[in-house]
Amino acid sequence: MADPSSMDQASPPVPDAPDPARAAALLEALPIAAALFLRSGMLYAVNTLGREWFVVDARAPLTSQSWGVVLLPLASAGSALLEAVAAGNAPVSQRAPLGREGRIVDVRAVPFDRELLLLTATDVTGQDEQRAESARVDRELSALLSLTPSTVRITDVSGRIVQSNAIANLEHPSRSPATVRELWELDAPHDMANNRPLSFLDSPAMRALAGNVVLRQRLEVRRLGAQRVIEAFAAPIRNEQHDVTGVVLLDRDVTDRERLERQLHEREGREAALQEQVTHEREHLDRLVEERSRALIASQEDRLRERRLTAVGQLAAGVMHDVNNALNPIMAAAYLLRHHAESPDAVRDYADRIQKAAEIGAATASRVGRFIRQEPVHAGGDEALDLSVLADEVLDLTEPMRLRRSSESGEVRIVRQFASRASTRGLPGEIREALLNLVQNAVDAMPEGGTLTVRTFDEGGDACLAIRDTGVGMSADVRERAFEPFFTTKGSRGSGLGLAEVYGIARRHRGTATISSVPGRGTEVTLRLPRAVGSEPQLALPGATREAVIPQYILVVEDHDDGREFLRRILQADGHRVDAVGTCADAREKLASSAATPYDLMLTDVGLPDGSGWELVRHVRRHAPTVRVGVITGWEPIAETGESRGAEFVLRKPLRASELQAHIAGSVSPASKTE
Ligand code: ADP
Ligand code: MG
């Protein structure tokens with residue numbers, strides 16, 4: 001409000017001019033220093049700020065004060081401007097210092113009406129520096145914004161875009177958006193997270209204007225005429241009072257990056273799939289190989305099993321055939337015996353026939369036995385041998401047979417190639433048997449004659465013997481099966497036991513028998529036995545001769561009723577005193593109760609219902625060491641150590657009375673103990 005004292009009601013009204021009070025009120029409304037002057041140069045009205053800044057005498061009438069004085073604080077600027085305007089020039093303005101306060105004011109003079117001129121002064125102190133400073137900041141900011149690969153826009157509080165960088169300006173070449181609303185319309189954003197068009201109110205700019213910070217919102221937008229994927233960021237700009245005064249919008253185009261990532265991912269996926277396929281193929285291949293090998297092994301096992309079964313079947317059939325052949329005459333003779341019991345000649349005749357048949361059966365059994373029974377020859381039960389000596393003997397033995405063959409068809413020539421000594425240890429009877437079989441086979445293989453070469457030699461710690469013929473030879477099939485018992489290609493002429501026996505004998509002597517053969521050219525069978533070192537070879541002892549029987553007190557242990565009874569009778573027939581029992585328990589009882597007159601000998605079977613004969617042997621050794629022990633066994637293998645040690649002799653079934661008698665008499669050399 002103007003000071004009422006300044007209102008000089010007494011001053012004469014100016015024609016056409018507003019009344020001074022109204023003019024003062026008008027000036028008072030202005031936020032700047034203002035004064036109205038008459039064109040004559042006298043002051044007419046002034047506002048409060050004008051009174052402060054200019055030289056106004058409050059006690060003198062305004063119209064008595066000229067602008068030359070009033071506007072003194074503006075140096076000469078104010079009056080010069082007023083004069084120019086009064087002279088009819090266009091309104092002008094000028095910067096001017098205000099008094100000595102260092103303040104800068106913007107002074108303007110304009111014609112107010114016909115009579116009055118208006119002068120205003122606005123404080124602009126520091127405005128230039130501020131403007132320069134803000135221009136510098138603006139330049140720095142735009143330099144910064146030009147560097148970022150993202151789009152940047154800055155808006156004011158109304159959403160008007162006040163600044164944007166070069167990239168932003170490229171995005172919508174047809175129309176540069178002036179507001180965030182226009183930007184939203186041009187972008188037509190699609191909210192990818194929720195898969196729906198993004199409403200304007202949910203746009204990053206609007207959310208930032210509402211005071212939120214938006215971080216990495218994925219949007220699909222229409223830019224540069226294509227669909228692009230962007231990640232949008234937005235944050236409010238606030239003043240000191242924390243009011244939102246604008247927003248910064250930033251987004252970056254991730255279309256290419258995401259496509260690359262997708263491609264990379266797909267490629268990785270493809271590579272992984274490829275890798276997996278390779279692994280799969282390899283596993284498949286491995287499985288295939290495994291299956292094939294398993295099938296192969298299985299088929300080989302099948303073939304082996306079949307061969308084994310065939311061999312076992314053949315063995316059983318062969319045994320059955322021979323046993324039946326032996327039993328036939330025995331049964332017939334037994335039947336006839338009963339009808340001719342009164343004739344001593346007939347009885348003797350049938351008894352002879354029975355014995356002969358039984359001998360044949362026993363021989364077959366012992367030949368099979370030589371194949372089956374592969375427990376090694378007992379140390380101490382063997383003797384030093386020279387294969388050359390034995391081979392010579394066998395060739396002599398078979399000479400009649402060879403001569404017969406030579407006269408019937410072709411001649412069989414003999415070639416002897418003997419090493420000076422081929423020493424081994426073993427049972428001469430068995431080795432002779434083996435050589436006999438080999439010579440027989442060789443002669444059989446040369447129906448038109450040929451050469452039979454017998455060699456003995458030392459090789460790698462073995463004493464060897466090879467019998468070679470120039471005969472028919474063997475096919476691979478025959479060679480593979482030749483060692484099987486009862487395998488023969490000679491029909492009813494062959495037994496099929498020869499090579500089986502050879503094989504069993506070689507094994508029992510810890511040696512080997514091998515065949516090499518070429519069909520049509522000939523065959524060589526080689527026996528290799530461990531070489532004996534040091535001891536001189538001896539010729540086999542002649543068989544024991546029958547001596548006078550010294551009666552003994554004998555305990556027989558045998559669970560088989562007939563066997564026990566026959567044994568008792570044979571022994572009693574020889575004048576011995578016999579007790580016979582069927583179990584281990586009974587045997588122990590007998591041994592315990594016979595302390596007064598102890599037994600001279602115990603003869604025990606191995607397989608007993610309540611234990612093994614070997615247990616009884618140990619029992620006797622411990623409790624009645626003076627009693628001699630003999631063991632009778634079927635085909636049970638005899639362990640090499642320990643078990644047999646307690647027995648003086650071991651006999652195999654079927655028993656021959658003469659053998660038994662020799663052993664009881666104690667006249668058998670230890671060499672043939674296990675025979
Ligand atoms: P066998 O002589 O009674 O037939 P072997 O066991 O001695 O029985 O022989 C078995 C088979 O092996 C014979 O039938 C024959 O086919 C074959 N064989 C054995 N020795 C010879 C050989 N020296 N030359 C050709 N074949 C042989
Ligand atoms: Mg034979």
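Residues numbered from 1 in each chain as written. Chains lettered and ligands numbered in written order. Predicted model: local features only at pLDDT ≥ 70, side-chain atom pairs only at ≥ 80, totals over all residues. Heavy atoms only, no water.

1. Section: the overall build of the chain
In terms of helices and strands, the chain carries 19 helices and 26 strands. Here the chain has a C-alpha radius of gyration of 69 Å; the compact-globule value for 675 residues is 26 Å, and the former is much larger. Considering only C-alpha atoms, the chain reaches an extent of 205 × 70 × 55 Å along its principal axes. Sorting the 675 residues of the chain into buried and exposed places 39% on the buried side. Across the chain, the fraction of contacts at a sequence separation of at least 24, relative to all contacts at a separation of at least 6, is 59%. A total of about 37,700 Å² of accessible surface is found on the chain, and carbon and sulfur atoms cover 55% of it. Charge-centre separation for the chain: the mean point of 81 positive side chains lies 4 Å from the mean point of 96 negative side chains. (Helix = DSSP H or I, 4+ residues; strand = E, 2+ residues; numbered from the N terminus. Rg over C-alpha atoms; globule rule 2.2 N^0.38 Å. Buried < 20%, exposed > 50% of the residue type's maximum accessible area, 1.4 Å probe, protein only. Contact = heavy atoms within 4.5 Å. Areas by Shrake-Rupley, 256 points an atom, 1.4 Å probe, with all protein chains shown as cover. Lys, Arg positive; Asp, Glu negative; His and termini not counted. Charge placed at Lys NZ, Arg CZ, Asp CG, Glu CD.)

2. Brief notes about the pattern of salt bridges
Pairs may arise between side chains of opposite charge once their charged atoms sit close together. Counted according to the given criterion, the structure contains 36 salt bridges. The partner of E133 in a salt bridge is R136, with the nearest N and O atoms 2.9 Å apart. You can see E133 and its partner R136 sitting in helix α5 (residues 127-147), three residues apart, about one turn around the helix. Overlapping salt bridges bring together R153, E171, D187, R223 and D251 as one network. (Salt bridge = Lys/Arg side-chain N within 4 Å of Asp/Glu carboxyl O.)

3. Considerations on the packing of helix α11 (residues 387-397) against helix α13 (residues 428-445)
In the contact formed by α11 and α13, the axes pass within 9 Å of each other and the chain directions differ by 55 degrees. Taken together, the axes of α11 and α13 are oblique relative to one another. In terms of crossing hand, the pair formed by α11 and α13 is right-handed. Contacts between α11 and α13 involve L387, L390, A391, E393, V394, L395 and L397 on the former and, on the latter, P428, I431, R432, L435, L436 and V439. For the contact of α11 with α13, the residue count by class is 11 nonpolar, no polar and two charged. (Axes fitted to C-alpha atoms, helices over the stretch in contact; angles between N-to-C directions. Parallel < 35°, antiparallel > 145°, perpendicular 65-115°, else oblique. Left-handed = near helix turned anticlockwise from the far one by under 90°. Nonpolar A, V, L, I, M, F, W, Y, C, P; charged D, E, K, R; others polar.)

4. Here we look at the sheet that holds strand β21 (residues 577-581)
What the five strands build is an open sheet, ordered β21-β20-β22-β25-β26; its pairing is parallel. Strands at the two margins of the open sheet, each flanked by one partner only, are β21 and β26 (649-652). For this sheet, the mean angle separating the axes of adjacent strands, direction not counted, is 20 degrees. Relative to β26, strand β25 (residues 628-633) runs parallel, the two being bridged by four bridges. Each bridged residue has a counterpart across the sheet, and for G630 the counterpart in β26 is F649. Across the sheet, helix α18 (residues 613-623) is in contact with β20 (553-557), β22 (601-605), β25 and β26; its angle to β22 comes to roughly 160 degrees. (Pairing = 2+ DSSP bridges.)

5. Let's talk about unusual backbone geometry
The backbone of N195 sits at a positive phi, close to 50 degrees, despite the residue not being glycine. Within the secondary structure, N195 is located in the loop between β8 (190-191) and β9 (196-197). In this structure N195 comes out as exposed when scored by relative accessible area, which is 60%. In this structure, R510 takes a positive phi of about 60 degrees despite not being glycine. Residue position: R510 is located in the loop between α15 (498-508) and β18 (512-518).

6. Thoughts on the site of ligand 1
Among the 19 residues in the neighbourhood of ligand 1, the closest are listed as N441, D469, T488, T489 and K490. Interatomic distance of 2.8 Å between a backbone N/O atom of G496 and an oxygen atom of ligand 1. Calculation on ligand 1 without its partners gives an accessible area of 520 Å², and the protein chains cover 94% of this total. Those elements giving two or more residues to the shell around ligand 1 turn out to be α13 and α15. At three residues, the largest contribution of residues to the shell around ligand 1 is made by α13. (Near = heavy atom within 4 Å. Polar contact = N/O pair within 3.5 Å; in protein donor to acceptor, adjacent residues only side chain to side chain.)

7. Quick look at helix α12 (residues 399-408)
Within the span of α12, buried status applies to M401, R402, R405 and S406. The arc enclosing the buried residues of α12, seen along the axis, measures out at 135 degrees, which places them on a common side. Facing away from the buried side of α12 by more than 90 degrees, the exposed set consists of P400, L403, S407 and E408. The secondary structure elements touched by the buried residues of α12 are α11, β14 (412-417), α13 and β16 (450-459). (Arc of directions from axis to C-beta.)

8. Some remarks on empty space enclosed by the protein
Taken as a whole and judged by the stated rule, the model has two cavities of 30 Å³ or more. Roughly 180 Å³ of volume is contained in the largest cavity. Looking at the largest cavity, it is lined by 18 residues, and the ones nearest its centre are L183, D187, P204, L249 and D251. Secondary structure elements with two or more residues in the lining of the largest cavity: α7 (180-187), α8 (204-209), β10 (214-223), β11 (226-238) and β12 (244-253). Element by element, the count of residues in the lining of the largest cavity is highest for α7, at four residues. Here the lining of the largest cavity is built from residues that sort into 13 nonpolar, one polar and four charged. (1 Å grid on protein atoms, 1.4 Å probe; cavity = no way out; pocket = protein on both sides within 12 Å on 5 of 7 lines; lining within 4 Å. Points joined across faces, edges and corners; volume = space filled by probe spheres on them.)

9. Describing the packing of aromatic side chains
By the definition in use, this model includes four aromatic pairs. Pairing Y553 with Y599 gives two aromatic rings, centres 4.3 Å apart and planes at 40 degrees, and the pair type is tilted. Taken together, the residues Y553 in strand β20 and Y599 in the loop between α17 (584-593) and β22 connect sequence positions 46 residues apart. What makes Y599 buried here is its relative accessible area of 3%. Above the ring of F200, the side-chain terminus of R181 is found at 4.8 Å from the ring centroid. The ring of Y553 has R577 lying over it, and the distance from NZ or CZ to the ring centre is 3.8 Å. (Phe/Tyr/Trp six-rings, centres within 6.5 Å; stacked < 30°, edge-to-face > 60°. Lys NZ or Arg CZ within 6 Å of the ring centre and 35° of its normal.)

10. Digging into the side chain of H576
Along the chain, H576 turns up in the loop between α16 (561-573) and β21. In this structure H576 comes out as buried when scored by relative accessible area, which is 7%. Of the polar contacts made by the side chain of H576, one reaches the backbone nitrogen of Q552; its length is 2.9 Å. Residues contacting H576, with those up to four places away along its chain left out, are V549, I550, P551, Q552, I554, L571 and I664.

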